[in-house]
Amino acid sequence: DQQVKQNSPSLSVQEGRISILNCDYTNSMFDYFLWYKKYPAEGPTFLISISSIKDKNEDGRFTVFLNKSAKHLSLHIVPSQPGDSAVYFCAAGSKAAGNKLTFGGGTRVLVKP
Amino acid sequence: DAGITQSPRYKITETGRQVTLMCHQTWSHSYMFWYRQDLGHGLRLIYYSAAADITDKGEVSDGYVVSRSKTENFPLTLESATRSQTSVYFCASSDRRAGAFYEQYFGPGTRLTVT
């Protein structure tokens, strides 16, 4: 039973355009959501997060949107750059359960020059 | 060097052997975690630790053992390696404060192959 799902295993986008990555979750106890970026042969690196009390958080080119009623979050990257080509993981956690995270399966993004 | 390190980076072992993966962090983070990454499964939690001498099982803990005698170290041991434990293993750490949630910082990973 996957509590966090990324239904698109891959995404291809032209440089300069918007990349939209989606993530769905089932556990209503989750109150914190994060996106991680992973390059080959490296560990995941933290990108951006959002608390369940917010519906949007922005950091430069990256914006995360949270729709609690739909149990859905998305990551927007604008504009996309070739260096954004990586695997992106969404993750969810609950303060009540400590700092444990449940990860989605990842979406591989390819930004074409 | 500051940060979180893992050793070895690559390991090949035989079925039935015991193998230990090391993780060291220099931030004095309270929480430490072990994940495995497999195609189609993302990152799955094996074990975590809220502080020295406090550990708990994650989603896929069978066949693994951990210890945490010092805050900065969190070794993961495969007691009798099986082919299904071939994977990439990531260690992570995060800070801790009551009522707050902190992002986890990951090490570079250990690629383990069990033959």
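Right above here is the structure, for reference.
Since this is a predicted model, take the numbers as computed values, not measurements.

**As for the overall build of chain A**
Reasoning step 1: Scanning chain A from N- to C-terminus turns up 0 helices and 11 strands.
Reasoning step 2: Along the chain direction, N to C, the helices and strands of chain A fall in the order β-β-β-β-β-β-β-β-β-β-β.
Reasoning step 3: Computed over C-alpha atoms, the radius of gyration of chain A comes to 13 Å, within 12% of the 13 Å expected from 2.2 N^0.38 for 113 residues, which places it in the range of a compact globule.
Reasoning step 4: Principal-axis analysis of the C-alpha atoms places the extent of chain A at approximately 45 × 30 × 20 Å.
Reasoning step 5: Looking at chain A residue by residue over its 113 residues, the buried ones come to 47%.

**Observations concerning unusual backbone geometry**
Reasoning step 1: Going from A:Val78 to A:Pro79, the amide bond is cis rather than trans, its omega being -10 degrees.
Reasoning step 2: The residue after B:Ser7, namely B:Pro8, is reached through a cis peptide bond having omega -10 degrees.
Reasoning step 3: In this structure, A:Ala41 is a non-glycine residue whose phi angle is positive, near 65 degrees.
Reasoning step 4: Within the secondary structure, A:Ala41 sits in the loop between β4 (32-38) and β5 (45-51).
Reasoning step 5: Its identity is not glycine, yet B:Asp53 carries a phi of approximately 70 degrees, on the positive side.
Reasoning step 6: With respect to the helices and strands, the residue B:Asp53 is situated in the loop between β5 (42-51) and β6 (54-57).

**A few points about the sheet that holds strand β3 (residues 19-25) of chain B**
Residues and elements named next belong to chain B.
Reasoning step 1: Strand order in the open sheet made by the 4 strands is β1-β3-β8-β7, with antiparallel pairing throughout. Each edge of the open sheet carries a strand with a single partner, namely β1 (4-7) and β7 (64-66). The average undirected angle you get between the axes of adjacent strands in this sheet is 20 degrees.
Reasoning step 2: As judged from the 3 bridges shared by β7 and strand β8 (residues 76-78), these two strands associate in the antiparallel manner. In the strand pairing of β8, Val-65 is matched with Thr-77.

**Section: the packing of aromatic side chains**
Reasoning step 1: Per the counting criterion, the structure on display carries 16 aromatic pairs over all chains.
Reasoning step 2: Measuring from centroid to centroid gives 5.9 Å for A:Tyr36 and A:Phe46, while their planes differ by 70 degrees, and the two rings are edge-to-face. Residue A:Tyr36 is located in strand β4, and its partner A:Phe46 is located in strand β5; the two are separated by 10 residues in the primary sequence.
Reasoning step 3: By the ring-pair criterion, three or more aromatic residues cluster together here, those being A:Tyr36, A:Phe46, A:Phe89, A:Phe103, B:Tyr31, B:Phe33, B:Tyr35, B:Tyr48, B:Phe90 and B:Phe106.

**Structural notes on the pairing of β4(A)**
All names here are of chain A.
Reasoning step 1: By the criterion of burial, β4 is predominantly enclosed, with 7 of the 7 residues buried.
Reasoning step 2: The alternating pattern of β4 places Tyr-32, Leu-34, Tyr-36 and Lys-38 on one face and Phe-33, Trp-35 and Lys-37 on the opposite face, and all of these are buried.
Reasoning step 3: Between β4 and β5, which follow one another and run antiparallel, lie 6 residues, and Ala-41 among them has a positive phi close to 65 degrees.
Reasoning step 4: Bridging between β4 and strand β9 (residues 86-93) involves 7 bridges; their strand directions are antiparallel. Bridge pairing in β9 links Lys-38 to Val-87.

**A closer look at the state of the cysteines**
Residues and elements named next belong to chain B.
Reasoning step 1: As enumerated under the stated definition, the model contains 2 disulfides over all chains in all.
Reasoning step 2: With its sulfur 1.8 Å from that of its partner, Cys-23 forms a disulfide with Cys-91. Given an S-S torsion of about -75 degrees, the disulfide between Cys-23 and Cys-91 has left-handed geometry. Of the two residues, Cys-23 is situated in strand β3 and Cys-91 in strand β9 (residues 87-94); the sequence distance between them amounts to 68 residues.
Reasoning step 3: Assessed through its relative accessible area of 2%, Cys-23 is described here as buried.
Reasoning step 4: A relative accessible area of 0% means that Cys-91 is categorised as buried.

About the criteria used
Residues numbered from 1 in each chain as written. Chains lettered and ligands numbered in written order. Predicted model: local features only at pLDDT ≥ 70, side-chain atom pairs only at ≥ 80, totals over all residues. Heavy atoms only, no water. Helix = DSSP H or I, 4+ residues; strand = E, 2+ residues; numbered from the N terminus. Rg over C-alpha atoms; globule rule 2.2 N^0.38 Å. Buried < 20%, exposed > 50% of the residue type's maximum accessible area, 1.4 Å probe, protein only. Pairing = 2+ DSSP bridges. Axes fitted to C-alpha atoms, helices over the stretch in contact; angles between N-to-C directions. Phe/Tyr/Trp six-rings, centres within 6.5 Å; stacked < 30°, edge-to-face > 60°. Disulfide = S-S within 2.5 Å.

In short, geometric facts, not functional conclusions.
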